Amino acid sequence: MKPLLGTLCLLGMLVHSGLGHHRSLVQQTQKLVDTTVTPWRSLETYSYNKYHRMEEIYQWMSQISEKYPDVVTQHFLGMTYETRPMYYLKISQPSDNTKKIIWMDCGIHAREWIAPAFCQWFVKEILQNYRDNSRIRRLLTYLDFYVLPVLNIDGYIYTWTTDRLWRKSRSSHDDGACFGTDLNRNFNSSWCSIGASKNCLDETFCGAGPVSEPETKAVSGLIESKKEDVLCFLTIHSYGQLILTPYGYTKNKSSNHEELIQVGQKAANALKAKHGTNYRVGASADILYALSGSSRDWAKDIGIPFAYTFELRDNGTYQFVLPEDQIQDTCEETMEAVLSILDDVYAKYWHSNSAGRVTSTTVALSLLVAFMSLF
Amino acid sequence: MRPYFFESRYRQLQAWAIPAPRQPAASMQPRQQPLSEPGPRGRRPVAPLLALLLLLALQRTGAAPAGPGESEKPGDNQEAYETAYEDYDYGLPSEFELPPWFSNLKTPGGPLLPEGILRQGALAAVHFLNFREGSPSDLQMLSTVYRASVWETAEKEQHVDVAFTTERFKPEGDKEKPLAECAARVIFRKGKPRPAVNIYCEGLAEKNKRQEDYLLYKHLKQLKPLLGVVHIPDRNGYIDPSLRPLWDLAALGSSYVMWDKTTNVLRYSLVQLTSVKQWKTDGEIDFDYTVQLHEFSTQEIIPCRIHLVWYPGKPLKVKYRCQETPGQASEVEEGSGGMVLTELTNN
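Computed from a predicted structure; not experimentally measured.

Section: the overall build of chain B
When helices and strands are counted, chain B shows six helices and 11 strands. By residue count, 57% of the 347 residues in chain B fall in the buried class. On chain B, roughly 14,900 Å² of surface is accessible, and the fraction owed to carbon and sulfur atoms is 54%.

Written as structure tokens, this is what we have:
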């Protein structure tokens, strides 16, 4: 009931803010390609090869949790600046096992539409295949997936109604002189020290203070409360075709940097095997640019062992405005990369445990035999 | 009758691009032979022209390009190399012969310059290549960087020698894109835009390109004028095939702008064609339009107004004005404050 009320309120707000604004800007001579205007009703006809408005994504989330009630639950995370509800999906195979958490968020930057598209694709793939696919089933034995399809909801809606290239949130600053904080500069990781701006007009504006934004508070609140159990923090962006490790705010490397690079490179290889796309792997400060206050650096610093930023397609041709006909290939290859990382995380924590036990037992036995042979 | 006259600083750039010799002139040996050597492949249309231009520039300044075995032997020029040297090798395709002036230094050094600078150099070189080629049907984009040497001189110039492949800017799911192989020397003066670029490429299809340019020109002549606001591509990344040539021409003009604005840290790409101010097609195509560029390190979207004149086979003429103040997403208008007007003429 609650999600439905939320959706109705949301629709009311959207209609008020002017949904059809972009149409007046398009010339008649240009062929207009619009997403479906007729409201789709059932999950069976939901197209994962198209970009969806926020109200469709809200609806999709409810329908997904209704269709797979055994494994999916929808959770309230917090409210955005413009008082919209933030929801994440928890995918969890019921069992007696103690579970660890894999976190994935998409769309922290509003214009990076391919990211929320990938989060939806990921959820769909897991749910359509967890019964038959042994790889996914194995992962779900000990891992719960927490997926936040759109983190920057206000900004995402703004890219649909007003400015396709908007990046930040929609919080008001300087008494309405300017709008938006770069949510990926707002986390408490060397906040605003480098690669971020104190000027609210800039695209990398770090906000009034660390974790000043409600969206940042919501995410960090949840992760902080569960940090003992979070093994992997993935944040999905575009563009650049990169798998990035900590850090951005310093050239120093994390304690497990070699391992992160190795796992990342394996993921990039798995990605490339799918459609030939080249991804580069490295620390943000090395291969991207210096930046502070990022969610990924913050996650590493509070103790989450595997923390990656993905920059999806493309490499500069279409950039943020990636054509819909590339959604499928992008999502398929990214899926391979993410599964590769999850396999490695799984192997590290559950495979090696049993292997370790066998080894120590063998050692003990052989020592005993050796000792006894002395007599 | 030419409505506009544009000035080029191309030769001037070539002159200061070559570092002045720091040791006694006697040890410098000016190169006499052309910079490109005949290689296994027959067709090298671009290289001789560039080599000739470079040679002309060199003769004016009396300096010479450094090459292996000359002034840039390790130890010869201590001052120039005391800061940092870094060599990157990602596996050069074996058929590609690097031109003689491409540095072959083996001195190991600490990575003082970030790896990003080599990509910066390659991207600047590709923008410059597109501008100088002047062919909207054959725009190139960076594919893979194979090899690079980067070093910083005592004068704080960052030199990037980079070997890379490019592919055609025709992103319609075409897997078999022809690759051109390029080697470029890019020199950044710290903080200053418009890096000096010497670039040499194999595999750019000269004949096809001219034919395709002419077809594109004919198509554009038939296009009905559509003045006003457009969004190409639209928000879903779609470009109507009939409007594709318009976008190609806009991208060609943008290449000049992006090269002109590139610094050692600022990197640009074209996001969208946002409006058509003026469109004339008797004889040359006279195109006045606005675009949005994306700057990577600041993540800013920069609106620019560009005015170009193009005819197939002729050098491109372009002038532009970009809005630099962040946060102002409105269209660039005449007479507003805070803008830079750059005029440019090709001789």
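Moving on, there is more to tell.
A look at the nonpolar core
Counting 92 residues, the largest nonpolar core has Trp60(A), Ile64(A), Phe122(A), Phe145(A) and Phe310(A) as the members making the most contacts within it. Top element by residues in this core is helix α10 (residues 327–373) of chain A. It accounts for 11 residues. Counting residues in hydrophobic clusters, the runner-up holds 67 residues, among them Ala124(B), Phe164(B), Leu204(B) and Leu270(B).

Topic: empty space enclosed by the protein
In the structure shown here, the tally under the stated rule is 10 cavities of 30 Å³ or more. Each pocket or cavity is described by its volume, and for the largest cavity that value is around 490 Å³. Around the largest cavity, the lining comprises 29 residues; the ones closest to its centre are Asn315(A), Gly316(A), Leu123(B), Tyr268(B) and Ser269(B). Elements with a contribution of two residues or more to the lining of the largest cavity: α4 (116–133), β2 (140–152), α6 (244–261) and β7 (268–280) of chain B. Looking at the lining of the largest cavity element by element, the count peaks at five residues for α4(B). When grouped by side-chain class, the residues that make up the lining of the largest cavity number 16 nonpolar, 10 polar and three charged.

Digging into the sheet that holds strand β1 (residues 72–79) of chain A
Residues and elements named next belong to chain A. The strand order β1-β2-β4-β3-β7-β10-β8-β9 describes an open sheet built from eight strands, whose pairing is mixed. Unpaired on one side and paired on the other, β1 and β9 (280–283) mark the two borders of the sheet. Neighbouring strand axes in the sheet, compared pairwise and without regard to direction, differ in orientation by 20° on average. When β1 meets strand β2 (residues 85–91), the two strands line up antiparallel, connected through seven bridges.

Focus: the UniProt feature "active site" (unreviewed entry) in chain A
All names here are of chain A. With numbering matched to this structure, UniProt assigns "active site" (unreviewed entry) to Glu 311. With respect to the helices and strands, Glu 311 occurs in strand β10 (residues 306–312). Once you skip the residues sitting within four places of it in the chain, Glu 311 turns out to touch His 237, Ser 238, Tyr 239, Gly 240, Gln 241, Leu 242, Leu 244, Tyr 279 and Leu 288. In terms of polar contacts, Glu 311 uses its side chain to reach the backbone amide nitrogen of Tyr 239, at 3.3 Å.

So, the packing of aromatic side chains
Under the criterion given, the structure shown has 35 aromatic pairs over all chains. For the ring pair Tyr217(B) and Trp310(B), a centre distance of 6.3 Å and an interplane angle of 70° mean the geometry is edge-to-face. On the criterion of sequence distance, the pair formed by Tyr217(B) in helix α5 (residues 206–222) and Trp310(B) in strand β9 (residues 301–310) is long-range, its members being 93 residues apart. Residue Tyr217(B) shares its accessibility class with Trp310(B), and that shared class is buried. What links up through ring pairs into an aromatic cluster is the set Phe128(B), Phe131(B), Tyr256(B), Trp259(B) and Tyr320(B). When the ring centre of Tyr48(A) is taken as origin, the NZ or CZ atom of Lys124(A), which lies over that ring, is 5.2 Å away.

So, how was this worked out
Residues numbered from 1 in each chain as written. Chains lettered and ligands numbered in written order. Predicted model: local features only at pLDDT ≥ 70, side-chain atom pairs only at ≥ 80, totals over all residues. Heavy atoms only, no water. Helix = DSSP H or I, 4+ residues; strand = E, 2+ residues; numbered from the N terminus. Buried < 20%, exposed > 50% of the residue type's maximum accessible area, 1.4 Å probe, protein only. Areas by Shrake-Rupley, 256 points an atom, 1.4 Å probe, with all protein chains shown as cover. Core = buried A, V, L, I, M, F, W, Y, C linked by side-chain atoms within 4.5 Å. 1 Å grid on protein atoms, 1.4 Å probe; cavity = no way out; pocket = protein on both sides within 12 Å on 5 of 7 lines; lining within 4 Å. Points joined across faces, edges and corners; volume = space filled by probe spheres on them. Nonpolar A, V, L, I, M, F, W, Y, C, P; charged D, E, K, R; others polar. Pairing = 2+ DSSP bridges. Axes fitted to C-alpha atoms, helices over the stretch in contact; angles between N-to-C directions. UniProt positions renumbered as here; feature names shortened; annotations may be inferred. Contact = heavy atoms within 4.5 Å. Polar contact = N/O pair within 3.5 Å; in protein donor to acceptor, adjacent residues only side chain to side chain. Phe/Tyr/Trp six-rings, centres within 6.5 Å; stacked < 30°, edge-to-face > 60°. Lys NZ or Arg CZ within 6 Å of the ring centre and 35° of its normal.

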